[in-house]
Amino acid sequence: MKNNDNMQTMTVLTDVCLITCIVQRGSADKVVSAAQDAGAHGATIYYAQGTGEQQLLGVLSVAVESEKEIVEILVPSDYANHIYEAMFIAGELDTPGMGVIYMTQIEKAATYMPPDVLMALREQA
Amino acid sequence: MMAYQKIRFATFVQNAWIRHRSISYNDVFKIKQADQTIGLSLRKIDIYRLVQPYLQTRLLEQCRAVVPLVLYLALFQILVMHHQIDQIWLVLSGVLAVILGLMLFMEGLKHGLMPLGEGIGHSLPRKLPLPMVLLIAFLLGIGVTFAEPAIGALKTAGSIVDVTQAPYLYAMLNDWAGVLVMSVGAGVGLAVVTGTLRLLNGWSLKPFIYAALAPALLLTVYFMMDAELSKVIGLAWDCGAVTTGPVTVPLVLALGIGVAAASGKADSPLSGFGVVTLASIFPIVAVMLLALYVTSTTSAEAIIAIASQPTIAAAVNLPWYETSPGQEVISGVRAIVPLIVFLMIVLKLFLRERVHHVAITVYGITLCVLGMIIFNLGLTFGLVQIGDMVGALLPAAFTGLDSVANSPLYGFALGVVVVVAFAWLLGFGATLAEPALNALGQTVETLTQGSFKKQTLIVAVSIGVGFGIAIGVLKITFDIPLAYLLIPAYAAALLLTYFSSEEFVNIAWDSAGVTTGPITVPLVLAMGLGLGSAVNAVEGFGILSMASIGPIVAVLGTGLWVQWQANKRQHLLDDELTLQENGT
């Protein structure tokens, strides 16, 4: 294929991990701010409904909202563990009913890339 | 010499930060399958972590609703009226009881009553024929009215009314109190039935508003002619505002939506609207009909005679259930238990369905009853006290009162301005903070595709309530007959309704019901009664009814304006397009 000047270019990001954290409604903010302190750039939050193992808590299960917030954050794989742990601790996920967090490999991602960042990368190489 | 060991800083951080342990989910699953009871113990810290935010958010939610209002009233009394709060500790604990009671009640509603109501709403229309569904809907309307927390305020208000000045009003609030709530409930029940039918057939709301308001206004005119009956008008119109609270609205909506879903009508965004409107108009007619019945069966003299007679004898030793804490306990139980029993009967006998999560349902019902009792106590000692106190002080701003030193405090003209400004701000502020209004605003913004902004609706409703309460206070202060205010206001609302589109009609008439919650109603009711007795008015009702019609007119007006703006923009756009077409 001929490299045409008119052709649009797309920068594909590799080494990306997706961290998904499901918490009770109202708890997403603290999870996101912990992730951002640990270096995450952005976050997507959406609302959902869901339950975990109800019998585990007995009557205490009324204290757990079935309304959930789902936090999704794309992170560089080198920092993924660090951010993942920060979110785990901020969300107090070692308490039953608080939620769940998981991380998946992303094959590739693409978004706006600042031109000066691309320049700097080219110089490094 | 020293030996160097190289560690990557990132590796160090990762290891120092948190210890990792990997387990296969397969193994966990196998262990759980083998032993169902495993893993049921909780650490203390877990319980704390679970319970602390649970209590905190719910407590703060109620604090946000109650504290600013109470603080506003208290500061007004101390700073503007220069008067100390009597029995401050009693009032303070009453306010705390209101917060606590409302918190428990709302939580109980969520776990106890709502799942039952939703279950019935969901499966009732599938299993029973329509007439049966409508009958149950009607009975449910009565049940929810009794369970409405603000209804208790009506009964408390009854004890302030002077029997010799307004005997029929006194009789309806005391001897006939149960029947009064029953007829309000019947009005709500009828509204649920008509609302459900409307939903099923997709009828427009407008004719219903005309048809429901016509008898209400005609009866008002008739009552106005009669010296005794005219004192009941305020109560009747206020009852409409009392009914649409935190129990009625969600339960009735759940039923309505269930019926609509079962009939295959995809629930349109408007499907929930309208029932609230009818539920605030029908009770007005019901209460006026009851007043007619009371006047036809008993004479004013008989009521006065009965009321003045037993007070001496009864004051000596009242049974425990008629003195303060006992009475609230009884009324709390009486408000909730019949509704629960009714819901249970419907669920078990007619639907033959099991209650899921029995423990949690029981927990919810217990909280409901407990919350209602504590709320009722708080109502008697906190909200009604404060409202009554402020209301009784208000006239001191512009006239001389025996109870207040150096009154009038501000001279006549300035004093009246102070009172009106106070009332306006009270209505405006209380409505602005209403969480239900925020939710309605959101619905409206989506419904109108953003042309009617959420903030516009909230401000319009708040301004409407502000003027409503201000006018209501003026009504009591200068003893203006309520009918003179209601008839023109509703005539204006009807006129605006005629010109508005169906959506705005639904939104506007429902917004009135949203504004009168369990905190505003007792406060405003008590304030009106206190004010009324301070200026020697016959009765202090009517503020709530003005606070209901205010937002209706305000929202309808704003709606027409928004529409007009949108049309104008569309015309401009069209003109530009034609110009462009001509140009090219």
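About the criteria used
Residues numbered from 1 in each chain as written. Chains lettered and ligands numbered in written order. Predicted model: local features only at pLDDT ≥ 70, side-chain atom pairs only at ≥ 80, totals over all residues. Heavy atoms only, no water. Axes fitted to C-alpha atoms, helices over the stretch in contact; angles between N-to-C directions. Helix = DSSP H or I, 4+ residues; strand = E, 2+ residues; numbered from the N terminus. Parallel < 35°, antiparallel > 145°, perpendicular 65-115°, else oblique. Left-handed = near helix turned anticlockwise from the far one by under 90°. Contact = heavy atoms within 4.5 Å. Expected span 1.5 Å × (residues − 1). Bend = angle between axes of the 7 residues up to and from the residue. Buried area = accessible area lost by both parts, 1.4 Å probe. Salt bridge = Lys/Arg side-chain N within 4 Å of Asp/Glu carboxyl O. Polar contact = N/O pair within 3.5 Å; in protein donor to acceptor, adjacent residues only side chain to side chain. Nonpolar A, V, L, I, M, F, W, Y, C, P; charged D, E, K, R; others polar. Patch = residues over 30% accessible without salt bridge, like charges linked within 9 Å, V, L, I, M, F, W, Y side chains within 5 Å. Areas by Shrake-Rupley, 256 points an atom, 1.4 Å probe, with all protein chains shown as cover. Buried < 20%, exposed > 50% of the residue type's maximum accessible area, 1.4 Å probe, protein only. Disulfide = S-S within 2.5 Å.

A.B. asks: Kindly report on the packing of helix H12 (residues 275–297) of chain B against helix H21 (residues 502–515) of chain B, identifying the contributing residues and their values.
C.D. replies: Residue and element names in this part refer to chain B. At a minimum axis separation of 8 Å, H12 and H21 run at an interaxial angle of 65°. Overall, the two elements H12 and H21 adopt an arrangement that is roughly perpendicular. Note that H12 runs across H21; the crossing there is left-handed. When H12 is examined against H21, the residues Val276, Thr277 and Ile281 are found in contact with a partner set consisting of Trp509, Asp510 and Gly513.

A.B. asks: Before we move on, could you go through helix H4 (residues 88–127) of chain B and cite the residues and values that matter?
C.D. replies: Here H4 of chain B is 40 residues long and its end C-alpha atoms lie 55 Å apart, about the 58 Å a rise of 1.5 Å per residue gives. A maximum bend of about 45° is found in H4 of chain B at Leu109 of chain B.

A.B. asks: Hey, could you go over the interface of chain A and chain B for me, with residue numbers and the actual values?
C.D. replies: Listed per partner, the contact involves 23 residues of chain A and 23 residues of chain B. Where chain A abuts chain B, roughly 2,100 Å² becomes buried across the two surfaces, and 63% of that area is made up of carbon and sulfur atoms. Here chain A and chain B share four salt bridges between them. Close ionic contact of Glu65 of chain A with Lys110 of chain B constitutes a salt bridge, the shortest N to O distance being 3.8 Å. If you look at where chain A meets chain B, you find four residue pairs in polar contact (both at pLDDT 80 or more). Among the residues making up the side of chain A that touches chain B, the classes are represented as 12 nonpolar, five polar and six charged.

A.B. asks: Provide a residue-level description of a nonpolar patch on the surface, including the pertinent values.
C.D. replies: Nonpolar side chains collect at one region of the surface, where Val329, Val333, Val337, Val341, Ile345, Leu349 and Phe350 of chain B lie side by side and expose about 520 Å² of accessible area between them. We classify Ile345 of chain B as partly exposed; its relative accessible area is 39%.

A.B. asks: Just give me the short version of the state of the cysteines, but keep the residues and values in it.
C.D. replies: Taken as a whole, this structure holds zero disulfides over all chains when the rule is applied. No disulfide involves Cys21 of chain A; its sulfur sits 15 Å from the nearest other cysteine sulfur, which is in Cys17 of chain A. Taking relative accessible area as the criterion, Cys21 of chain A reaches 0% and is therefore assigned buried. Cys63 of chain B supplies the cysteine sulfur nearest to Cys368 of chain B, a cysteine that is in no disulfide, at a spacing of 19 Å.

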